[in-house]
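Structure at a glance
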Amino acid sequence: MQYEGYSLVWNDEFNDTGINSNHWVFETGDGCPNLCGWGNNELEYYRTQNAWVGEEVLTLEARKENFGGRNYTSARLKTQGKKSFKYGRIDIRALLPKGQGIWPALWMLGNDISNIGWPKCGEIDIMEMVGGQGKDNQVHGTLHWDNGSGHASYGQSYTLPSGIFAGAYRVFTLIWTETSMKWYVDDQIFNTVDITDPSMSEFHQPFFFILNVAVGGNWPGSPDATTVFPQQMKVDYIRVFQKNQ
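Everything in this summary refers to the structure shown in the same document. (Residues numbered from 1 in each chain as written. Predicted model: local features only at pLDDT ≥ 70, side-chain atom pairs only at ≥ 80, totals over all residues. Heavy atoms only, no water.)

Considerations on the nonpolar core
As a rule of thumb, soluble globular proteins bury nonpolar side chains together. Grouped together as the largest cluster of nonpolar side chains are 51 residues, with contacts concentrated most on I124, L143, F172 and F209. Counting residues per element, this core draws most heavily on strand β16 (residues 207-215), which supplies 5 residues. Discounting chain neighbours no more than four positions away, the residues touching F209 are W10, W24, L77, K78, T79, F85, I90, W107, M108, I126, I238 and V240. Counting residues in each nonpolar core, the second largest holds 6 residues, with A105, W107, L109 and F208 among its members. (Core = buried A, V, L, I, M, F, W, Y, C linked by side-chain atoms within 4.5 Å. Buried < 20%, exposed > 50% of the residue type's maximum accessible area, 1.4 Å probe, protein only. Helix = DSSP H or I, 4+ residues; strand = E, 2+ residues; numbered from the N terminus. Contact = heavy atoms within 4.5 Å.)

Structure representation (structure tokens):
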């Protein structure tokens, strides 16, 4: 795939025999003691065993199993310290899981989170889905930042005209420029944010990627009797294009 005026600057097609350690690092545990439940009262324990590469896709699997004092396990990968970017077009082709309490996300955090914390570092949610009946067909694109008086956020959602996101691979796109961010599903735009306001300086710094499948938490709520485990998010590729100089 090519786009006029852009060049491919980084990608992972997940064609290797394993997860590329030059690109990705695992986050493991339940966030404790500093960020128990990963800041959202999530229920999963992240393990390296729950993610793998095979058949040219990356799979992250959420399971109902007891480990580390939690009732669920899953996986969370990030490029922190490996790969980060400022501006560009980001395409991620993925097949999403489904079900009440299942919360897959393709997102980014500012590189300086370790120094200034969240939300001052900024957060870019390229795709989040809060699974469950009547919700497996909808994804969200959101920004989080510090507007000078605390946490601010803005997001919009996209609903499929038919079917659910577990039914077919979709391409989730963010086009990030010096002035705006735009979100797309299969090239259908659904959210635009102007980032020229001085209070949004977070979004003019490099960000790294995070891919994860959370279980439970403040937004989705807990799994229930309708939730089928295991659930998988499959990522076919992640590609970053930047404007030619």
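Read on, since the account is not over.
Quick look at the packing of aromatic side chains
A full pass over the atoms with the stated rule returns 16 aromatic pairs. Ring geometry for Y45 versus F67: centroids 5.1 Å apart, planes at 70°, classification edge-to-face. Of this pair, Y45 sits in strand β3 (residues 44-46) while F67 sits in strand β5 (residues 57-67), and the two are 22 residues apart along the sequence. Accessibility expressed as a relative area gives 31% for F67, which makes it partly exposed. Relative to W219, the ring of W103 lies with its centre 6.0 Å away and its plane at 85°, an arrangement referred to as edge-to-face. Taken together, the residues span a long stretch of sequence, with W103 in strand β9 (residues 102-110) and W219 in the loop between β16 and β17 (231-243) at a distance of 116 residues. (Phe/Tyr/Trp six-rings, centres within 6.5 Å; stacked < 30°, edge-to-face > 60°.)

Some words on the pattern of salt bridges
Any two side chains of opposite charge can pair if their charged atoms end up close together. Per the counting criterion, the structure on display carries 10 salt bridges. In this structure, D187 and R89 form a salt bridge, with 3.1 Å as the shortest nitrogen-oxygen distance. Here D187, found in the loop between β14 (180-185) and β15 (188-194), pairs with R89, found in strand β8 (residues 88-95); they are 98 residues apart in sequence, far enough to count as distant. On the accessibility criterion, D187 (52% relative accessible area) is exposed. Residue classification places R89 among the buried positions, given a relative accessible area of 9%. Because the salt bridges share partners, they merge into one network encompassing E27, R76 and K78. (Salt bridge = Lys/Arg side-chain N within 4 Å of Asp/Glu carboxyl O.)

Observations concerning the pairing of β15
In the case of a regular strand, side chains alternate between the two sheet surfaces. Bridge count between β14 and β15: 6 bridges; the pairing is antiparallel. Following the sheet pairing, Y184 is matched in β15 by I189. Counted along the chain from β14 to the antiparallel partner β15, the turn is 2 residues long, and its residue D186 has a positive phi close to 50°. (Pairing = 2+ DSSP bridges.)

Notes on the sheet that holds strand β2 (residues 25-26)
Pairing in this open sheet of 7 strands is antiparallel, and the strands run β2-β7-β16-β9-β10-β11-β12 from one edge to the other. Each of the sheet's edge strands pairs with one partner strand only, and the pair in question is β2 and β12 (151-159). When strand β10 (residues 123-128) meets strand β11 (residues 138-146), the two strands line up antiparallel, connected through 4 bridges. From the neighbouring strand, D125 faces β11, where its bridge partner is T142.

Side note on the state of the cysteines
In the structure shown here, the tally under the stated rule is 1 disulfide. The disulfide bridge from C32 ends at C36, spanning 1.9 Å between sulfur atoms. In this structure, the disulfide formed by C32 and C36 twists by about 135° around the S-S bond and is classed as right-handed. On the accessibility criterion, C36 (39% relative accessible area) is partly exposed. For the unlinked cysteine C121, the closest cysteine sulfur is that of C36, found at 19 Å. Judged by relative accessible area, which is 1%, C121 ranks as buried. (Disulfide = S-S within 2.5 Å.)

As for the environment of K135
Of note, K135 is situated in the loop between β10 and β11. Separated by 25 residues in the primary sequence, K135 and L160 have C-alpha atoms spaced 10 Å apart. Contact partners of K135, with chain neighbours within four places excluded, come to Q100, M129, V130 and P220.

Here we look at the environment of L106
Within the element layout of this structure, L106 appears in strand β9. Between the C-alpha atom of L106 and that of V213, which follows or precedes it by 107 residues, the distance is 9.0 Å. Excluding its chain neighbours within four sequence positions, the residues that come into contact with L106 are I92, A94, D125, I126, M127, F172, I210, L211 and M233.

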